[in-house]
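Working through the structure, step by step
Here's the letter readout for the chains.
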Amino acid sequence: MRVSFVALLAATWLAAATTADAAPCLIVTLTGTQGGPQSFNGLAGAGTLVRYGDDANGCAAVKLQFDAGRGTTMRLSELGIGPEQLGAVFFTHMHNDHTDGFADMVQLRWSFNAIGPKLDVVCSTDAVSPLGVAISCSKFTAHIADAFIQSGEIAQRHSEVKERTPGGPAEVINTITFRPKDEPQVVWSSGHVKVSAIRSTHIAGHASYRVDTPAGSVVIGGDASNDIPAPPRNSSTSDQVEKLAQGTDIIVHSAIHPIMAPGKGSGMYPYAYLRQSSVPDLAAMAKRAGASHLMLTHLIPPLGAEQQFPFKVPGGPLTETDYRKAAEEGGFTGTVIVGTDLKSLRLPAK
Ligand SMILES: [Zn+2]
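Residues numbered from 1 in each chain as written. Predicted model: local features only at pLDDT ≥ 70, side-chain atom pairs only at ≥ 80, totals over all residues.

Some thoughts on the overall build of the protein chain
Counting its regular elements, the protein chain contains 11 helices and 18 strands. Expected size for 350 residues packed as a compact globule is a radius of gyration near 20 Å; at 22 Å, the protein chain falls within 12% of this value. Each principal axis of the C-alpha atoms in the protein chain carries an extent, and together these give about 85 × 55 × 35 Å. Across the 350 residues of the protein chain, 48% fall into the buried class. Long-range pairs, those at least 24 residues apart, make up 69% of the contacts in the protein chain between residues at least 6 apart in sequence. (Helix = DSSP H or I, 4+ residues; strand = E, 2+ residues; numbered from the N terminus. Rg over C-alpha atoms; globule rule 2.2 N^0.38 Å. Buried ≥ 20, exposed ≤ 12 C-beta atoms within 10 Å, placed from the backbone. Contact = placed C-beta atoms within 7 Å.)

Next up, the structure:
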């Protein structure tokens, strides 16, 4: 009788533990929050890491990187994550502040994990800008290590360790392209994790993403702005991103502060200002979409910066409070995160 009681207790405990361990969770981390190509105060370039799993694996069975600006591998290393652990990398667009950390990432993967699974890289098909420039993610990935091939670096390392494939880092990439549409389309999935994309406006080929998991969902807007390039328009935010974001838990979005607007003394090129989403408009969009968390990243200007190089910040450097005030104008009542590198959100909250 006693034995069976103990066995029953053990079985009950095991069931409870299994249930607790299996609780799904999602962690969204800003790997880089620098707005634009300038280098300022040690901030890494644009990027967001999305981790999904359960309590037993630290919410990290699946690790997805969205954009990979300068220093992404350094921020990932602070989280204990090497490039070989990433399941996929997604690019919103080909501006260098979102891509220039990728060469380092894939060089490391090739150097130390060349025989592992290829890295899925998901991005849009080739596009032509209004000025006639061809924008090509697939060429970017195919030629990612050309400079190191030319320098002899790839051949030298391959001669030392044969598992490193002779073609170099491009050979450990599996590039998956999609044609961005005005409706969400699934572009990648693994188990319970589904990633959808939608067309959005910034430069040609820009796309925004949504990750859906049993623990919650997150939209990564990138540098999206409205299809209408200048006022009059209802908002500086993207209608398509708003569609993608309906009912999401978290919106991660590049943000520009209205102090940089034309006519206020920054001298910033109007086209450059207008192709970003402003903080008040992002907050209003988050409210309309029903999101509970808004993570502002890729801040223009960065916190504490005298300049959004080469343009000045009228009135002097901005603080976190300045960004919060701008978000309040949009009427959003959820949680606002003013992005600095490695700020994270976990769902469910602990
Ligand atoms: Zn950018």
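Side note on the environment of Trp188
Locating Trp188 in the fold gives a position in strand β9 (residues 185–190). Residue class for Trp188 comes out partly exposed when judged on the 19 C-beta atoms lying within 10 Å of it. C-alpha of Trp188 to C-alpha of Asp97: the two residues are 91 residues apart in sequence and 24 Å apart in space. Each residue touching Trp188, except ones within four places of it in the same chain, is listed here: Ala88, Asp120, Val122, Ile176 and Val195.

Re the nonpolar core
A general tendency of soluble globular proteins is for nonpolar side chains to be buried together. Ranked by internal contacts, the top residues of the largest apolar core, which has 85 residues, are Val28, Phe90, Ile251, Ala286, Leu294, Met295 and Leu296. With seven residues, helix α10 (residues 279–289) is the largest single contributor of residues to this core. Filtering out sequence-adjacent residues up to four positions away, Leu294 remains in contact with Ile251, Leu282, Ala283, Ala286, Ala327, Phe332, Gly334 and Val336. (Core = buried A, V, L, I, M, F, W, Y, C linked by C-beta atoms within 7 Å.)

Some remarks on the sheet that holds strand β4 (residues 88–90)
Within a beta sheet, neighbouring strands are joined by backbone hydrogen bonds and run either parallel or antiparallel to one another. An order of β8-β5-β4-β3-β2-β1-β18 is seen for the seven strands of this open sheet, with the pairing classed as mixed. Taken across any chain shown, the strands that pair with only one partner, and hence form the sheet edges, are β8 (173–178) and β18 (344–347). Ignoring which end each strand starts from, the neighbouring axes of this sheet average 20° apart. (Pairing = 2+ DSSP bridges. Axes fitted to C-alpha atoms, helices over the stretch in contact; angles between N-to-C directions.)

Quick look at helix α4 (residues 102–113)
The end-to-end C-alpha separation of α4 is 16 Å, in line with the 16 Å expected for 12 residues at 1.5 Å each. Taken as a whole, α4 has its buried residues at Phe102, Met105, Val106, Gln107, Arg109 and Trp110. Looking at the packing, one finds that the buried side of α4 touches α2 (72–78), β4, α3 (96–99), β5 (119–124), α6 (146–150) and β8. (Expected span 1.5 Å × (residues − 1).)

Quick notes on helix α11 (residues 320–329)
Of the residues making up α11, those classed as buried are Tyr323, Ala326 and Ala327. Around the axis of α11, the buried residues are gathered within 100° of arc, so they sit on the same side. Residues of α11 that are buried make contact with α10, β14 (293–300) and β17 (335–338). Count one or two residues on from α11 and you reach Gly331, which has phi positive near 80°. (Arc of directions from axis to C-beta.)

Details of the packing of α10 against α11
Relative to each other, α10 and α11 sit at 50°, their axes nearing to 7 Å. Between α10 and α11, the angle falls in the class oblique. Crossing of α10 against α11: the hand is right-handed. Mapping the contact onto sequence places Val279, Pro280 and Ala283 in α10 and Tyr323, Ala326, Ala327 and Glu329 in α11. Taken together, the residues that form the contact of α10 with α11 break down as six nonpolar, no polar and one charged. (Parallel < 35°, antiparallel > 145°, perpendicular 65-115°, else oblique. Left-handed = near helix turned anticlockwise from the far one by under 90°. Nonpolar A, V, L, I, M, F, W, Y, C, P; charged D, E, K, R; others polar.)

Observations concerning the sheet that holds strand β13 (residues 250–256)
Spatially, seven strands are ordered β9-β10-β11-β12-β13-β14-β17 in an open sheet, and the strand pairing comes out mixed. Of all strands in the sheet, those with a lone pairing partner are β9 and β17, marking the two edges. Direction aside, the axes of adjacent strands within the sheet are offset by 20° on average. Pairing of β9 with strand β10 (residues 193–199) involves five bridges; the strand directions are antiparallel. The residue of β10 that forms the bridge with Ser189 is Lys194. Sitting on the sheet, α11 touches β14 and β17, and the angle it makes with β17 is about 140°.

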